[in-house]
Amino acid sequence: MNRKKIGIHTFMALPAFLLFLIFFIYPLLRGIGMSLTDWNGISKANFIGLKNFIDFFKDKRAISDIRTTLLFALGSAPLLNIVGLSYALLMNSKFKGKSIARMFIYMPAIISPLIMGYIWSLLLQPGRGYIHHMLEKIGWAQGLGNWMSSYWSTMLVLILVNVWQYAGMTMVIYLAGLQSIPDELYESAKIDGASSIKQFKYITLPLLEPSIRINVVTNIIGSLSVFDVVMSLTGGGPGYQTETLSIYIMRMCYGSKTGYSTAVAIIMFFIILIPVIISLRLTRAKE
Amino acid sequence: MRKLATILRYTAIAFICMLSLTPFVILTILALNTPKKNLYEGNMFIPEFYFGNFAEGWVKSNIGRAMINSGIITLLSVALIVILGAMAGYAISRFDFKFNKGIYGTLLCCMMVPGIINTVPLYTLMIKLNAINTLWGMALVCATLSIPQAVFVFTGFIKSIPVEIEEAAIIDGCSWHKIFWKIIFPLLKPAISAVVILNGFGIWNNYSQAVFFLQDRSKHNVPQALSVYFQQFAGAKWNLMAATALIAILPVIIAFLIFQKSLMKGLMDGAIKG
């Protein structure tokens, strides 16, 4: 095939790119401009330089939101990977009903995280949720207690609900990685007398690298930009305690602080970018 | 010893499955209770098999309309993602120009940028385009967010198709238009199903973009409609909330059961290639 011949067909990537340019890259660049103004969404915008960014770091609510977002990610992303990997190791053998089990475990991940948050709030409501009554019935008089009264227990519930929902998705990607490891490697390791712990450390983990990379990066991005679960489970409450950055952006945008909200979005972008680059570097360095 | 390990393994798997399913089971129990049933009394594990909640939830919430809206948005954007993504994947994998390489690189870089970041400026753009509160506008936004990943999957997949087929077609005097649509596109079935399933559920469930771009009640999608309906109860009428939540997740579960085989395959293939 003559690959140097230019025609319409060589530019077939253009429609997709144009769509992306208009609805993604253009707003992204506009956002950088907007973040330097005091625009409120309606009247004329004035250039105020880096004031929004300086204000952000003086804004107590914003700092609390960063703390909540980071705490959520620090709990959620590692736990999701550990749980997902253990599920995958458990499921990576031939047994009856394997595909049904895999289906059940994956099911929560297809449901809207917002709706899932509402469902969990029906079950977990302090003092009157279904699980509260169930625990009371089996003799646990305190039931769940009021987990919503403390910041840490509320965060713990948010993290656990998120891990519960996406454990199946993480598992499937680890399963795919496990199944691409040739059996011969394990067989020859067994002949050499390697223990199963050693097999895991020297065969499984290094060869799982691509799956680990995908899971770590997607879980970091997902947990740092968390929105739906928090909205439906706590609404950011009590007060603004469990509000995350993405909820803050939405509320500022509606609260006629449009310029400021884009500045928060740019700060959030760097908060996400840094751990993503670090984890990409770490996984690539070993190759 | 070996038997013990097998038993332990099965118990653990059964436990995990139960853990994943319990909320759905409890939801069903709650949805089948009469409004008067008190959770303190009687057997809380056996519902009263009262189906009135579903009818009431359906009528009083906006969920029917919202399902149509979510359906239209999902169909439109998935069609766009597949067609534009496949075209781009073909050009990028077959014509190794700087231009195409640049497009590919830009898209891959933007894959790491979460959608919420450009939502506010996108909102002002959508107002200018008269695309706020329109299903097509929302479909365009959702499609855009999925384009990088779709192009990535299609490019990888087309690279694995041998070029010889196309070369033979060129010698036979086949036009590019025909080569792409008649030869390449039908070969893309596995990649198409992966892209459709990977993005379809997310678009149906989208909330963080819908909050901005679909504010009119008649244009709400499923998560929004449920959210509005739930907020008016402030946690009071459980039977109704549970029944409506069940209605809301039912289409997704049915679609999942139908497509789960290709979903698992698509996810696994995608994972290995990534």
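Looking at this structure, how should I read the overall build of chain B?
Each helix and strand counted, chain B has 12 helices and zero strands in total. Listed N to C, the secondary structure of chain B is α-α-α-α-α-α-α-α-α-α-α-α in terms of helices and strands. At 24 Å, chain B has a C-alpha radius of gyration far larger than the 19 Å of a compact globule built from 274 residues. Overall size of chain B, expressed as C-alpha extent along the three principal axes, is 80 × 65 × 30 Å. Evaluated residue by residue, chain B yields a buried proportion of 45% over its 274 residues. Excluding contacts between residues fewer than 6 apart, the proportion of contacts in chain B whose partners are at least 24 apart in sequence is 78%.

Is there a simple way to explain the overall build of chain A in this structure?
Scanning chain A from N- to C-terminus turns up 13 helices and zero strands. Along chain A, helices and strands appear, N-terminal first, in the series α-α-α-α-α-α-α-α-α-α-α-α-α. For 287 residues, the compact-globule formula gives about 19 Å, and the C-alpha radius of gyration of chain A, at 24 Å, lies well above that figure. Classification of the 287 residues of chain A by burial places 41% in the buried group. Expressed as a percentage of contacts within chain A between residues at least 6 apart in sequence, the contacts between residues at least 24 apart total 70%.

Got a minute to help me understand the interface of chain A and chain B in this structure?
Accessible area lost upon the coming together of the parts is a frequently used measure of interface size. Of the residues lining the interface, 73 residues belong to chain A; the matching set on chain B comes to 75 residues. Ranked by residues supplied to the side of chain A that touches chain B, first place goes to helix α1 (residues 14–34) of chain A with 12 residues. Taken together, the residues of the side of chain A that touches chain B sort by class into 51 nonpolar, 17 polar and five charged.

What is the right way to read the environment of B:I72 from this model?
Structurally, B:I72 is set in helix α3 (residues 63–94). Distance from B:I72 to B:W136, taken between C-alpha atoms, is 8.5 Å for residues 64 residues apart in sequence.

What exactly am I supposed to notice about helix α12 (residues 245–254) of chain A here?
Two residues of an α-helix separated by three or four positions point the same way, owing to the 3.6 residues in each turn. Residue and element names in this part refer to chain A. Counted residue by residue, α12 has seven buried out of 10 residues, so it is predominantly covered. Three or more residues of α12 are buried, namely L245, S246, I247, Y248, I249, M252 and C253. Once α12 ends, the next one or two residues include S256, with phi positive near 55°.

For this particular structure, what's the right way to read the nonpolar core?
For soluble globular proteins, nonpolar side chains are generally found buried alongside one another. Core analysis: the biggest nonpolar cluster contains 154 residues, and A:I115, A:V264, B:A88, B:L226, B:A242 and B:A245 have the highest contact counts within it. Among the elements that make up this core, the one with the highest residue count is helix α6 (residues 135–159) of chain B (16 residues). If you count residues domain by domain, this core takes at least three from each of domain 1 (2–52) and domain 2 (62–231) of chain B. Residues within four places of B:L226 in sequence aside, it is in contact with A:I115, A:Y118, B:I63, B:T244, B:A245 and B:A248.

Explanation requested: unusual backbone geometry in the structure shown.
Glycine aside, a negative phi is what most residues show, and trans is what most peptide bonds show. Residues and elements named next belong to chain B. Positioned with a positive phi, N130 is a non-glycine residue whose angle comes to about 55°. For N130, the location among the structural elements is in the loop between α5 (119–128) and α6. Overall, the presence of 9 C-beta atoms within 10 Å leaves N130 in the exposed class. Positioned with a positive phi, N133 is a non-glycine residue whose angle comes to about 60°. Secondary-structure assignment places N133 in the loop between α5 and α6. What makes N133 partly exposed here is the crowd of 17 C-beta atoms within 10 Å.

When you look at the packing of helix α3 (residues 60–91) of chain A against helix α7 (residues 151–179) of chain A in this model, what are you seeing that I'm missing?
Residue and element names in this part refer to chain A. Their axes nearest at 6 Å, the elements α3 and α7 cross at an angle of 40°. Judged on the interaxial angle alone, α7 and α3 are oblique. Judged by the sense of rotation from one axis to the other, the crossing of α3 with α7 is right-handed. Residues of the contact of α3 with α7, tallied by class, amount to 19 nonpolar, six polar and no charged.

About the cut-offs
Residues numbered from 1 in each chain as written. Chains lettered and ligands numbered in written order. Predicted model: local features only at pLDDT ≥ 70, side-chain atom pairs only at ≥ 80, totals over all residues. Helix = DSSP H or I, 4+ residues; strand = E, 2+ residues; numbered from the N terminus. Rg over C-alpha atoms; globule rule 2.2 N^0.38 Å. Buried ≥ 20, exposed ≤ 12 C-beta atoms within 10 Å, placed from the backbone. Contact = placed C-beta atoms within 7 Å. Nonpolar A, V, L, I, M, F, W, Y, C, P; charged D, E, K, R; others polar. Core = buried A, V, L, I, M, F, W, Y, C linked by C-beta atoms within 7 Å. Domains from an automatic or database assignment. Axes fitted to C-alpha atoms, helices over the stretch in contact; angles between N-to-C directions. Parallel < 35°, antiparallel > 145°, perpendicular 65-115°, else oblique. Left-handed = near helix turned anticlockwise from the far one by under 90°.

None of this, on its own, says anything about what the molecule does.
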